[in-house]
Amino acid sequence: MCGIVGYVGKRDVIPVLLGGLQKLEYRGYDSAGIAYIQNDKMHIVKSKGRLTNLEKKLGDVVAENTIGIGHTRWATHGEPSDVNAHPHTDAAGDLAIVHNGIIENFAKLKTWLQAKGIHFISDTDTEVVAHLINYFDEGDLKTAVMRAIKMLEGSYALGVMSIKEPHRIIAARKDSPLVIGLGKGENLIASDFPALLEYTKDVYLLDDGEIAVITEKDVEVYDSYGNHIEKEHFTIDWDVAQAEKGGWEHFMIKEIHEQPTAMHDTLMARMRDGKIDLSEINITEELIKGIRGIHIVACGSAYHAGILGKYVIENIARIPVNVDVASEFRYRMPSPLLSKEDLFIVISQSGETADTIAALREAQSKGAKVIAITNVKGSTISREADFTMHTQAGMEIAVATSKGYLTQVLCLYMIAAEIGRMRGSLDDADYIDFIENLKKIPSLLEQILRDKEKIQQLASQRFMDVNEFFIGRGADYALMMEGSLKLKELSYIHSETYAAGELKHGPIALIEQNTLVMVLATQTVLMEKLISNIREVKARGAFVVAMTQQRNVETVEKEADMVLPLPDIDDLFAPILAAVPYQLYGYYTAVFKGCDVDKPRNLAKSVTVE
Ligand code: F6R
């Protein structure tokens, strides 16, 4: 979750660290800090709150030709405060570390160190690591780090520096991302690519258990036994402009508007001669003939994409799909039920979500071949999965996902079509028609993005709501899970998703005069049933805003208080289109409320802890 950056080179290290932290602020933003060496002294500056507080504290200090590390925090152990902010140091303040992850045995280690007379000043697990490294430091920092990490249980990405070795940073990782940027006469470390792009696109992707020694001229990587290893360069294919707002007020709205391109690129990346080609991810006739079911495992919005995928795959390919939240799947007692005849798919925009990685490993340990749908090439999930389908969404910076989610959905539609074709449940004509519908999506999304005034208007009327409902049936219900999540995480309005037919089994008790009930009504065969559900909530005073294809507007208008029209498209594809108005609704509601849309409270983009 937290963001780490480190720099060794000739530049003024302060703006490099601050710039890197700014690019990583989406990973955590409750406090930040930096350490740098100047005049043989370790300087540590930390501040609770956003990065601007740290910038103010630093003032116009300059530190050229030296090394430094920085951190932006998402609190796990101890409240956000100056003291708990990283970097943490040994007692003398000569050694500084930044850490992302959780040290699970920190309490035991702390007691052990305290018994040796070491005094702690913070509530963090990280401070234990600083003291531990210092305890083992007998003149070689790399060896000290290696000895210390052998005692750690849990996850870590570490950046370590000491005034005794003022020209190098030691980096180490286990179950938390860390990349090393390879510059010319300068080198960097970071939790993620955006912090490096201004300086280099060439990186080493550190693997679990590896340790790196980073100096101005050189980067050396060692395995956990201390053997020197040759790493292959990885080249980032994103550019620095993607990490800028480019004139938009927020990354969120920029990324919502990038969806037509992202969807086009994701589709085209898999089209060959007018057909979808998934042979690269092992979706072949031979494999499909042998499978009995599909498991999809993910977290948050990626899980919601999986639920929508379930409706579509079961509809088109006639094969059972089980969708699980990764944190539940991995701890299913006594162990998750998986058969070798099942296809296993994990979904993760970042490719670094801890629970999803654990689920992937669990599935592999049971002999499953895992297909990953992820947006980040070089991420842990894309490297560890047996096959990877990359979404072509480009860099996603806003903490709440938009284009990441929608491109995941598109991949699942493509998988549905291919499995349907291979199993014969989708005939040739329907298969071609399916692809034609997918091809229409980017331009229809553009149309939705042009006609957004009605959504803005609705948001301006409802931003003071305390409670809203999102309901639908079938694939519409799956989409509403995401619609509701967008509203709650961006605007902090409490919202509930319900399968429309389920409301009367309890939650209808919450409907009062003027409660907003958002209804997605795109599935013709379920329309009559849904209209009954609209009537049930209206009879209890609800204000109903329904979304449906243009061709159904006249019917739905008779029932709802307001109708938001979607362009006409076959029912199966309408939920894809509907995602965007709900993203816009969440966004504008949050803007009217004055919320920090790109960095909603308590959240972090890349959830690298359990
Ligand atoms: C919500 C959101 C999160 C992520 C979830 C999984 O807008 O962004 O719910 O979807 O944390 O993240 P990834 O897809 O990176 O595994």
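Structure: above.
Scoring rules and cut-offs
Residues numbered from 1 in each chain as written. Predicted model: local features only at pLDDT ≥ 70, side-chain atom pairs only at ≥ 80, totals over all residues. Heavy atoms only, no water. Buried < 20%, exposed > 50% of the residue type's maximum accessible area, 1.4 Å probe, protein only. Helix = DSSP H or I, 4+ residues; strand = E, 2+ residues; numbered from the N terminus. Pairing = 2+ DSSP bridges. Phe/Tyr/Trp six-rings, centres within 6.5 Å; stacked < 30°, edge-to-face > 60°. Lys NZ or Arg CZ within 6 Å of the ring centre and 35° of its normal. Near = heavy atom within 4 Å. Polar contact = N/O pair within 3.5 Å; in protein donor to acceptor, adjacent residues only side chain to side chain. Areas by Shrake-Rupley, 256 points an atom, 1.4 Å probe, with all protein chains shown as cover. 1 Å grid on protein atoms, 1.4 Å probe; cavity = no way out; pocket = protein on both sides within 12 Å on 5 of 7 lines; lining within 4 Å. Sits in = over half its atoms within 2 Å of the grid points. Nonpolar A, V, L, I, M, F, W, Y, C, P; charged D, E, K, R; others polar. Domains from an automatic or database assignment.

Engineer: Before we move on, could you go through the pairing of strand β20 (residues 342-348) and cite the residues and values that matter?
Structural biologist: Where burial is concerned, most of β20 is hidden: seven out of the seven residues are buried. Across the two faces of β20 the burial is the same, with Asp 342, Phe 344, Val 346 and Ser 348 and Leu 343, Ile 345 and Ile 347 all buried. Bridge analysis of strand β18 (residues 293-298) against β20 gives six bridges, and the strand direction is parallel. Residue pairing across strands places His 295 opposite Phe 344, the latter belonging to β20. Here five bridges tie β20 to strand β21 (residues 370-374), and the two strands are oriented parallel to one another. The partner of Ser 348 across the bridge, within β21, is Thr 374.

Engineer: Could you give an account of the packing of aromatic side chains, with specific residues and numbers?
Structural biologist: For the structure shown, the criterion picks out 11 aromatic pairs. Ring centres of Tyr 413 and Phe 434 lie 6.2 Å apart, and the angle between their planes is 45°; on these two criteria the pair is classed as tilted. Note that Tyr 413 is positioned in helix α13 (residues 403-423) and Phe 434 in helix α14 (residues 428-450), a separation of 21 residues in sequence. The pair formed by Tyr 413 and Phe 434 is uniform in burial state, with each residue classed as buried. These aromatic residues form a ring-pair network of at least three members: Trp 112, Tyr 135 and Phe 136. Above the face of the Tyr 492 ring, Arg 601 is positioned so that its terminal group lies 3.8 Å from the ring centre.

Engineer: Let's hear about the site of the ligand: which residues, and what values?
Structural biologist: Taken together, 16 residues form the shell around the ligand, and within it Ser 348, Gln 349, Ser 350, Thr 353 and Glu 489 come nearest. Interatomic distance of 2.6 Å between a side-chain N/O atom of Ser 348 and an oxygen atom of the ligand. A distance of 3.5 Å separates an oxygen atom of the ligand from a polar atom in the backbone of Val 399. If the ligand stood free it would expose 400 Å²; the protein chains cover 89% of that surface. Of all the cavities here, the one that holds the ligand is the largest pocket. Each residue belonging to the shell around the ligand can be placed in one class, and the counts come to six nonpolar, eight polar and two charged. For the shell around the ligand, the domains that each give at least three residues are domain 2 (245-450) and domain 3 (451-595).

Engineer: Now, about the pairing of strand β13 (residues 219-222): what can you tell me, with residues and values included?
Structural biologist: When strand β12 (residues 211-214) meets β13, the two strands line up antiparallel, connected through four bridges. Directly across from Ile 214, in β13, lies its bridge partner Val 219. Between β12 and β13, which pair antiparallel in sequence order, lie four residues. Here β13 runs beside strand β14 (residues 228-229); their pairing, made up of two bridges, is antiparallel. Looking at β14, one finds that Val 221 is bridged to Ile 229.

In short, geometric facts, not functional conclusions.
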